[in-house]
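Commentary on secondary and tertiary structure
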Amino acid sequence: MAKNQDFEKDFVKLKNVSKIYRMGEVEIRAVDKIEFAIDKGEFVVVVGPSGAGKTTVLNILGGMDTVTSGDVLVDGENIAKYSQRKLTGYRRDDIGFVFQFYNLVPNLTAKENVELALQICKEPLDAVQVLKEVGLGNRLDNFPAQLSGGEQQRVSIARALAKNPKLLLCDEPTGALDYQTGKAILKLLQDTCRQKKMTVIVITHNSALTPMADRVIKIKNGKVSKMYLNENPEPIENIEW
Ligand SMILES: Nc1ncnc2c1ncn2[C@@H]1O[C@H](COP(=O)(O)OP(=O)(O)OP(=O)(O)O)[C@@H](O)[C@H]1O
């Protein structure tokens, strides 16, 4: 992968970021002075046990949650210092989110689900074009209930990609899918990263998936326990788990 150009380095950078939830007397450090950086166009896998803080980190990066302290730099902007109003714009224009459950609107077709999301963002791509790219060119007018789980997840990925986001954030995107379908979705995410030079961050609890990533970030107890780069990331097809 052609990297190491200065402008692509540290596209995302978390500096000394903490997120503390206070529940009465109890203090939960979901994220504890975490630090890491990601270059532009990388395919990143975030792994760690349940409760390690993975979702909290992703939600902070996506502007869905705020930090207790620390700095969150995305494309040179410190979003930790954003007002609520600026964060709303950031979520709308700069972030594509893919969740375990697809969150499609049941009474809208695949095409309408994507178009709906595009109504609120600044520089959207063409909904039909993106649906074709994710392999759904012949399912544009189907409702979610007429699509398989994998196809519904493709719609939700198209919905996120059509926003032309700076970051594509995926929280357990294959959690509700069977093995083969999950693999196909991960392949789509890896291919998208390569073809669109999109920065893609995928959370998983499955450490067998780490060879597919350019960068692996292991999180434990709200901190990075290990981070490394794979010189030669494996195509998903070659990974078995
Ligand atoms: N809104 C909240 N209020 C209180 N505690 C929270 C809240 N959100 C998360 N936590 C706590 O913060 C810690 C980290 O949670 P988080 O969901 O980020 O972990 P995770 O690594 O994504 O886990 P999982 O793989 O199970 O989803 C957990 O102990 C969790 O209970």
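Reading the values: the criteria
Residues numbered from 1 in each chain as written. Predicted model: local features only at pLDDT ≥ 70, side-chain atom pairs only at ≥ 80, totals over all residues. Heavy atoms only, no water. Helix = DSSP H or I, 4+ residues; strand = E, 2+ residues; numbered from the N terminus. Rg over C-alpha atoms; globule rule 2.2 N^0.38 Å. Buried < 20%, exposed > 50% of the residue type's maximum accessible area, 1.4 Å probe, protein only. Contact = heavy atoms within 4.5 Å. Areas by Shrake-Rupley, 256 points an atom, 1.4 Å probe, with all protein chains shown as cover. Pairing = 2+ DSSP bridges. Right-handed = clockwise from strand over helix to strand, strands pointing away. UniProt positions renumbered as here; feature names shortened; annotations may be inferred. Lys, Arg positive; Asp, Glu negative; His and termini not counted. Salt bridge = Lys/Arg side-chain N within 4 Å of Asp/Glu carboxyl O. Polar contact = N/O pair within 3.5 Å; in protein donor to acceptor, adjacent residues only side chain to side chain. Patch = residues over 30% accessible without salt bridge, like charges linked within 9 Å, V, L, I, M, F, W, Y side chains within 5 Å.

**Thoughts on the overall build of the chain**
Helix and strand counts for the chain come out as six helices and ten strands. The C-alpha atoms of the chain give a radius of gyration of 18 Å, which matches the 18 Å a tight globule of 241 residues would have. In terms of principal-axis extent, the alpha carbons of the chain reach across some 50 × 40 × 40 Å. Per-residue burial for the chain yields a buried fraction of 51% across its 241 residues. Partitioning the intrachain contacts of the chain with sequence separation of at least 6 by distance along the chain shows that 71% fall at a separation of at least 24. Summed over its atoms, the accessible surface of the chain is roughly 11,700 Å², and 47% of this surface lies on carbon and sulfur atoms.

**Focus: the pairing of strand 7 (residues 167-171)**
Most of strand 7 sits out of view: five of its five residues are buried. Of the two faces of strand 7, the one lined by L167, L169 and D171 and the one lined by L168 and C170 are each fully buried. Pairing between strand 6 (residues 95-98) and strand 7: four bridges, direction parallel. In the sheet register, I95 faces strand 7, and the bridge partner there is L167. Note: strand 7 against strand 8 (residues 199-204), five bridges, orientation parallel. Across the sheet, the residue bridging to C170 is V202, located in strand 8. For the segment spanning strand 7, helix 6 (residues 179-196) and strand 8, crossover handedness is right-handed.

**As for the UniProt feature "domain: ABC transporter" (unreviewed entry) in the chain**
The sites that carry the UniProt feature "domain: ABC transporter" (unreviewed entry) are, in the present numbering, residues 12-241. Between the C-alpha atoms that bound residues 12-241 there is a distance of 30 Å. The span itself is 29% helix and 29% strand.

**A few points about the side chain of K163**
When you line up the elements, K163 lands in the loop between helix 5 (149-161) and strand 7. The buried charged residue K163 lacks any salt bridge partner; its closest oppositely charged side chain belongs to D93, at an N-O distance of 7.0 Å. At 3.2 Å, the side chain of K163 and the backbone oxygen of R92 are in polar contact. Setting aside residues no more than four positions away along its own chain, K163 makes contact with R91, R92, D93, I95, L118, C121 and E123.

**Brief notes about unusual backbone geometry**
Backbone geometry places N16, a non-glycine residue, at a positive phi of 55°. Tracing the backbone shows N16 in strand 1 (residues 12-23). On the accessibility criterion, N16 (41% relative accessible area) is partly exposed. The backbone phi angle of E172 is positive, close to 50°, even though this residue is not glycine. Following the sequence through the fold, E172 ends up in the loop between strand 7 and helix 6.

**Quick look at a nonpolar patch on the surface**
On the surface, Y21, M23, V26 and I28 cluster together into a nonpolar patch covering about 370 Å² of accessible area. Listed by contribution, the elements that provide at least two residues to the nonpolar patch are strand 1 and strand 2 (26-38). In this structure, V26 sits in strand 2. Owing to a relative accessible area of 48%, V26 belongs among the partly exposed residues under this scheme.

**What to know about the pattern of salt bridges**
With the rule as written, the count across this model stands at 18 salt bridges. Put simply, E240 and K183 hold a salt bridge, and the shortest N to O gap is 3.4 Å. Of this pair, E240 sits in the segment after strand 10 (223-229) while K183 sits in helix 6, placing them 57 residues apart in sequence. Classification of E240 as exposed rests on a relative accessible area of 57%. Given a relative accessible area of 10%, K183 falls into the buried group. A salt bridge links D214 to R194, with the shortest nitrogen-to-oxygen separation between them at 3.0 Å. Placement of the pair is D214 in the loop between strand 8 and strand 9 (215-220) and R194 in helix 6, with a sequence separation of 20 residues. A network of salt bridges, in which partner residues are shared, links R22, E27, R29, D32 and K223.

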